[in-house]
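The chain contents come next:
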Amino acid sequence: IRLKVERIRVRRSDNGSTLGVVTISIGVGCYRQGDNAESLIHRADMALYAAKNNGRNQVMLESI
């Protein structure tokens, strides 16, 4: 998904010129027995910020 999004070229509707590249960072949290939604989302969010702080445009798995 990340690579496919990176290939998208955003263009102006009036003249078709390229505006730039879109990239995404993704944080992945793994369900652990006894998790609730809040704890799982928190770990995924921490992984997302680690991906952004590590240069963006990447997928980061939570620290296990």
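For the structure, see preceding data.
Q: Got a minute to help me understand a nonpolar patch on the surface in this structure?
A: Nonpolar side chains collect at one region of the surface, where Ile-8, Val-10, Leu-19 and Val-22 lie side by side and expose about 310 Å² of accessible area between them. Within the fold, Val-10 resides in strand β1 (residues 9-11).

Q: What is the right way to look at the pairing of strand β2 (residues 18-21) in this model?
A: Bridging between β1 and β2 involves three bridges; their strand directions are antiparallel. Across the sheet, Arg-9 pairs through a bridge with Val-21, a residue of β2. Between β1 and β2, which pair antiparallel and follow one another directly, the connecting turn spans six residues, one of which, Gly-16, has a positive phi of 80°.

Q: What should I look at first to understand the pattern of salt bridges in this one?
A: As enumerated under the stated definition, the model contains five salt bridges in all. A salt bridge links Arg-12 to Asp-14, with the shortest nitrogen-to-oxygen separation between them at 2.5 Å. Between Asp-35 and Arg-43 there is a salt bridge; the shortest N-O distance is 2.5 Å. Accessibility assignment for this pair places Asp-35 and Arg-43 in one class, buried. Where salt bridges share partners, they join Arg-32, Asp-35, Arg-43 and Glu-62 into one cluster.

Definitions and limits used
Residues numbered from 1 in each chain as written. Predicted model: local features only at pLDDT ≥ 70, side-chain atom pairs only at ≥ 80, totals over all residues. Heavy atoms only, no water. Patch = residues over 30% accessible without salt bridge, like charges linked within 9 Å, V, L, I, M, F, W, Y side chains within 5 Å. Areas by Shrake-Rupley, 256 points an atom, 1.4 Å probe, with all protein chains shown as cover. Salt bridge = Lys/Arg side-chain N within 4 Å of Asp/Glu carboxyl O. Helix = DSSP H or I, 4+ residues; strand = E, 2+ residues; numbered from the N terminus. Pairing = 2+ DSSP bridges. Buried < 20%, exposed > 50% of the residue type's maximum accessible area, 1.4 Å probe, protein only.

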